[in-house]
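A structural walkthrough
What follows is the residue order along each chain.
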Amino acid sequence: MFEIVKRKEMAQGTVVLNEIKAPKIAAKAKPGQFVILKATETGERIPLTMAYTNPETGIIATIYQVVGKSTALFSTLKEGEGYQDVIGPLGKAMDIEKLGTVVCVGGGTGVAVMHPITKAMKEAGNHVIAIIGARNKDLLILEEEMKAASHDLRVCTDDGSYGHHGFVTDVLKQTLEAEDVKLVVGIGPVPMMKFVTKMTREYNVKTLVSLNSIMVDGTGMCGCCRVSVGGETRFACVDGPEFDGHLVDFDELSKRLQAYTDMEQESYEKFKCET
Amino acid sequence: MGDKQEKKEKKKDKLPRQVMPEQKADVRRHNFDEVPLGFTEQLAMQEASRCLQCKKPACVDGCPVEIDIPGFIKYIQEGDFTRAIRHIWQKNSLPAICGRVCPQEDQCEGLCILGKKGEPVAIGHLERFAADHERHYGTGQLPPQAKATGKRVAVVGSGPSGLTVAGDLIQKGHEVTVFEVFHKGGGVLVYGIPEFRLPKEIVAQELNFLERLGVKIQCNEVIGKTTSLDELFEEGYDAIYLGVGAGLPRFLNIPGENLVGIYSANEYLTRANLMKAYRFPEYDTPLVKGRDVAVFGAGNVAMDSARTAMRMGADNVRIIYRRSRDEMPARQAEIHHAEEEGIQFYLLTAPTKFIGNEQGRVTGMECLQMELGEPDDSGRRRPVPVKGSEFELDCDLAVIAVGAGANPLLTQSTPELQLNKWGYVIADEKSGKTTKKRVWAGGDIVTGAATVILAAGAGRIASNSIHDYLSVGW
């Protein structure tokens, strides 16, 4: 068992943070890499990109939104309990280089994935502007952490309850107009990444995205996570999860992410009845 | 005396090969229970009595792990089933598995002298019987083990080849840890081969047998990511065996292949078998249920996928294969079982594209009729498209089972391992030694996708070499 040593609810309980004891993974993990978790014997294998890790304490952290049966099951696990299986670190680590001004755009729980990348970009000597967004103030996560990880944090909410009133793309546009941006990293829901890359293409700024495809093994064995990148089929688990956002077919990704919507719904309803 | 001997031989000739009872096709196509039901003690002893006990048994030459076949069959004939299984264990740690999934018709049974005029002895069925009998009624007594040597071996991959190495070396007194990337041990035996052909309970028991011998099975560990080979040496392992399998799915590379409902066989079978998607929603992993299913390829994996889709409730399951029946690589028994269950065979047929709906789900495909031309590199006649023969088929679930390639995850992280042009690990045929010192390899990661028993055979060769190294030196 992989013990949960700390559990914290965020964004009004819709988002959960788990610090999990996994020393071998913590010793190797790099920003951008993910783990696959399975809570119980009958559970599903779910990939989650690590929010932070600590090789000294042997801790890895995941932050996830409760959206279906598996994440709801994860959220029932208390401190002292744990996951039956955690495997990783998987995927390629993000290339961290000194480029100049780098903009890190995070939406929803994508902010959690963005956090270690933002920190590493700053540590590599870049001037880091972070833009994070959520539907409203209460759903915003990791504001303090992102502030510390970047030089300049810009916050937006869809309903205007906090920070800039509007989408992260609005603030991104202003930033691209005002600054000499060398790289944009966009991580969040698929529509957000799609619109971020659409905008940066207009400004001709290289943009990396981190994809959250459905996976089974996570080691390149099954091809479940395949995505079209520049017209070629790539596996998000071993070729990614980061890709050049200007080459990703987001519409296909979006459809593939909905492959099991009906069954997921059925499973979630059953779970809610049982608990 | 001479007369008596002759009479006995005649009697043996007359006894037909005993047929193993199996579930009826119209029943089994709706369940995941095992298809062949096994020999009774009486059937096993009768079948064993057909063995001529040849002085120079050809069957043994056909066995990649050199089981003393007449030896164990004699014990079955005598009703001493415990000795029979102990005799098999000397050469094979996985008899319940091999008895079920080995292509015996091409190996031991293919060389049986009785097969020249009639039916060969049912060696596979007898091996299975001995193992099953031990599992159900055995004493649980373990085979003898050599004194501990203090040497430590890391086996990477818990499929048939890795488990063979583990079983051999633990009995020779070495300490063995098997590393498995999935959350459950068994490799292809648990994620690939379906329950109705190899019940997972049996794999679990064979793993348990190895664990009782002292083998440690460490799941959830990605060698090459979580831990490198050099780190394993630093941790104190004296030798490493790589039995990681092929593990890279091949696709057809035709338009529309990323539509929802199109799976690699690896994914389809892993979801169904390892993740038990056929028991959804009791198990959480979902799997598309097709009404009109197309399976591409005609090997054992294709048959397994087609028969799984049938059991998931499909109306039509079609095997689509671009060559003819003669070239189908699957075992005859598997093709026969598939046909009995109502799987349709579209031979000399090649897909050209998939068709999808607005939701991005596959709804159909376009195919071409083929004819056989001149032989190609593989010696098989090359399929050539027939002009103007395009036709469409409905299809809401497609499984691509056209073979596998070499997964680069581990090999990329270990530059000292030399690979061939296809990315497979180069290993010496006689020893399994790779180009990296103290590292051996065998099974599909060396040969490309093959069979359980060939992987076990490669494991046997390597385990002998590893034992020599641990006793004498590189």
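Predicted model, so just to flag it, every value in this text is computed and none were measured.

1. What to know about the overall build of chain A
Tallying secondary structure elements over chain A gives nine helices and 17 strands in all. A compact globule built from 275 residues would reach a C-alpha radius of gyration of about 19 Å, and chain A, at 18 Å, matches this within 12%. A burial count over chain A gives 57% of its 275 residues as buried. Taking contacts inside chain A between residues at least 6 apart in sequence as the whole, the part at least 24 apart equals 66%. For chain A, the exposed surface amounts to about 11,200 Å²; the carbon and sulfur share of it is 49%. A gap of 3 Å separates the mean positions of the 31 positive and 37 negative side-chain charges of chain A.

2. Quick notes on the sheet that holds strand E2 (residues 175-179) of chain B
Residues and elements named next belong to chain B. Strand order in this open sheet of five strands is E3-E2-E1-E4-E16, and the pairing throughout is parallel. Two strands close off the open sheet at either side, each with one partner strand: strand E3 (216-218) and strand E16 (439-441). Put simply, the sheet's adjacent strands are angled 20° from each other on average, direction ignored.

3. Things to note about the packing of helix H2 (residues 69-76) of chain A against helix H9 (residues 261-274) of chain A
Residues and elements named next belong to chain A. Where H2 meets H9, the axes come as close as 8 Å, and the angle between the chain directions of the two elements is 35°. Across from Lys-69, Ala-72, Leu-73 and Thr-76 in H2, the residues of H9 making contact are Ser-267, Tyr-268 and Phe-271. Looking at the contact of H2 with H9, its residues break down into four nonpolar, two polar and one charged.

4. Section: the packing of aromatic side chains
By the definition in use, this model includes 12 aromatic pairs over all chains. Here the aromatic rings of Phe-235 of chain A and Phe-251 of chain B are separated by 6.4 Å at their centres, their planes lie at 75°, and the arrangement is edge-to-face. With one member in each of two chains, Phe-235 of chain A in strand E16 (residues 232-235) and Phe-251 of chain B in the loop between strand E5 (247-249) and strand E6 (262-264) form a pair that bridges those chains. There is no split in this pair, since Phe-235 of chain A and Phe-251 of chain B are both buried. Where Phe-296 of chain B meets Phe-354 of chain B, the ring centres are 5.7 Å apart and the plane angle is 85°; that geometry is what we call edge-to-face. Here Phe-354 of chain B lies in strand E10 (residues 349-356) and Phe-296 of chain B lies in strand E7 (residues 292-296), a separation of 58 residues in the sequence. Owing to a relative accessible area of 1%, Phe-296 of chain B belongs among the buried residues under this scheme. Classification of Phe-354 of chain B by relative accessible area gives buried; the value is 6%. Grouped by ring-pair contacts, the aromatic residues Tyr-64, Phe-74 and Tyr-83 of chain A constitute a single cluster.

5. Remarks on the sheet that holds strand E6 (residues 59-65) of chain A
Residue and element names in this part refer to chain A. Pairing in this open sheet of five strands is antiparallel, and the strands run E5-E6-E2-E1-E7 from one edge to the other. Because the sheet does not close on itself, it has two edges, and the strands there are strand E5 (52-54) and strand E7 (82-83). Note that strand E1 (residues 2-10) and E7 share two bridges and pair antiparallel. Across the sheet, residue Phe-2 finds its bridge partner in E7, namely Tyr-83. Each of E1, strand E2 (15-21), E6 and E7 touches H2; the most contacted strand, E6, lies at about 130° to it.

6. Quick word on the pairing of strand E10 (residues 127-134) of chain A
Residues and elements named next belong to chain A. Burial runs high along E10: seven of the eight residues are buried. Handedness of the crossover joining strand E9 (residues 101-107) and E10 through helix H3 (residues 110-123) is recorded here as right-handed. Here E10 pairs with strand E11 (residues 152-157) via six bridges, running parallel. The residue bridging Ile-129 from the neighbouring strand is Asp-152, located in E11. One crossover worth recording links E10 to the parallel E11 by way of helix H4 (residues 143-149), and it is right-handed.

7. Topic: the nonpolar core
Counting 76 residues, the largest nonpolar core has Ile-69, Phe-72, Ile-73, Ile-76, Ile-97, Leu-126 and Ile-466 of chain B as the members making the most contacts within it. It is helix H19 (residues 452-471) of chain B that contributes the most residues to this core, eight residues altogether. Membership of the second largest hydrophobic core comes to 51 residues, among which are Leu-90, Leu-176, Leu-211 and Leu-253 of chain A.

8. Quick look at the interface of chain A and chain B
Contacts between the two partners involve 47 residues from chain A and, on the opposite side, 44 residues from chain B. Per-residue buried area on chain A facing chain B is highest for Met-221, Arg-226 and Tyr-260 of chain A; these three make up 18% of the total on that side. At the boundary of chain A with chain B, the tally comes to four salt bridges. Between Lys-184 of chain B and Glu-41 of chain A there is a salt bridge; the shortest N-O distance is 2.8 Å. Inspection of the chain A/chain B interface yields 24 residue pairs in polar contact (both at pLDDT 80 or more). Mapped by element, the contributors of at least two residues to the side of chain A that touches chain B are helix H1 (23-28), H2, strand E8 (85-90), strand E15 (226-229), E16, helix H8 (250-257) and H9 of chain A.

9. Description of the state of the cysteines
Residues and elements named next belong to chain B. Applying the stated criterion to the full structure yields zero disulfides over all chains. Lacking any disulfide linkage, Cys-51 is separated from the closest cysteine sulfur, that of Cys-54, by 6.4 Å. Take Cys-51: its relative accessible area is 9%, and that puts it in the buried class. The structure places no disulfide on Cys-367, whose sulfur is separated from the nearest cysteine sulfur, that of Cys-395, by 8.7 Å. Its relative accessible area of 0% is what places Cys-367 among the buried residues.

10. Side note on the packing of helix H6 (residues 81-89) of chain B against helix H9 (residues 123-137) of chain B
Residues and elements named next belong to chain B. Here H6 crosses H9 at 115°, and the two axes come no closer than 9 Å. Put simply, H6 runs roughly perpendicular to H9. For the pair H6 and H9, the crossing hand works out as left-handed. Contacts between H6 and H9 involve Phe-81, Ala-84, Ile-85, Ile-88 and Trp-89 from the first element and Glu-127, Phe-129, Ala-130, Ala-131, His-133 and Glu-134 from the second. Here the residues of the contact of H6 with H9 sort into eight nonpolar, one polar and two charged.

11. Description of H19 of chain B
With 20 residues, H19 of chain B extends 28 Å from end C-alpha to end C-alpha; this agrees with the ideal 28 Å at 1.5 Å per step. Most of H19 of chain B sits inside the fold, with 14 of its 20 residues counted as buried.

The rules we used
- Residues numbered from 1 in each chain as written.
- Chains lettered and ligands numbered in written order.
- Predicted model: local features only at pLDDT ≥ 70, side-chain atom pairs only at ≥ 80, totals over all residues.
- Heavy atoms only, no water.
- Helix = DSSP H or I, 4+ residues; strand = E, 2+ residues; numbered from the N terminus.
- Rg over C-alpha atoms; globule rule 2.2 N^0.38 Å.
- Buried < 20%, exposed > 50% of the residue type's maximum accessible area, 1.4 Å probe, protein only.
- Contact = heavy atoms within 4.5 Å.
- Areas by Shrake-Rupley, 256 points an atom, 1.4 Å probe, with all protein chains shown as cover.
- Lys, Arg positive; Asp, Glu negative; His and termini not counted.
- Charge placed at Lys NZ, Arg CZ, Asp CG, Glu CD.
- Pairing = 2+ DSSP bridges.
- Axes fitted to C-alpha atoms, helices over the stretch in contact; angles between N-to-C directions.
- Nonpolar A, V, L, I, M, F, W, Y, C, P; charged D, E, K, R; others polar.
- Phe/Tyr/Trp six-rings, centres within 6.5 Å; stacked < 30°, edge-to-face > 60°.
- Right-handed = clockwise from strand over helix to strand, strands pointing away.
- Core = buried A, V, L, I, M, F, W, Y, C linked by side-chain atoms within 4.5 Å.
- Buried area = accessible area lost by both parts, 1.4 Å probe.
- Salt bridge = Lys/Arg side-chain N within 4 Å of Asp/Glu carboxyl O.
- Polar contact = N/O pair within 3.5 Å; in protein donor to acceptor, adjacent residues only side chain to side chain.
- Disulfide = S-S within 2.5 Å.
- Parallel < 35°, antiparallel > 145°, perpendicular 65-115°, else oblique.
- Left-handed = near helix turned anticlockwise from the far one by under 90°.
- Expected span 1.5 Å × (residues − 1).

As far as function goes, none of this settles anything; it's purely spatial.
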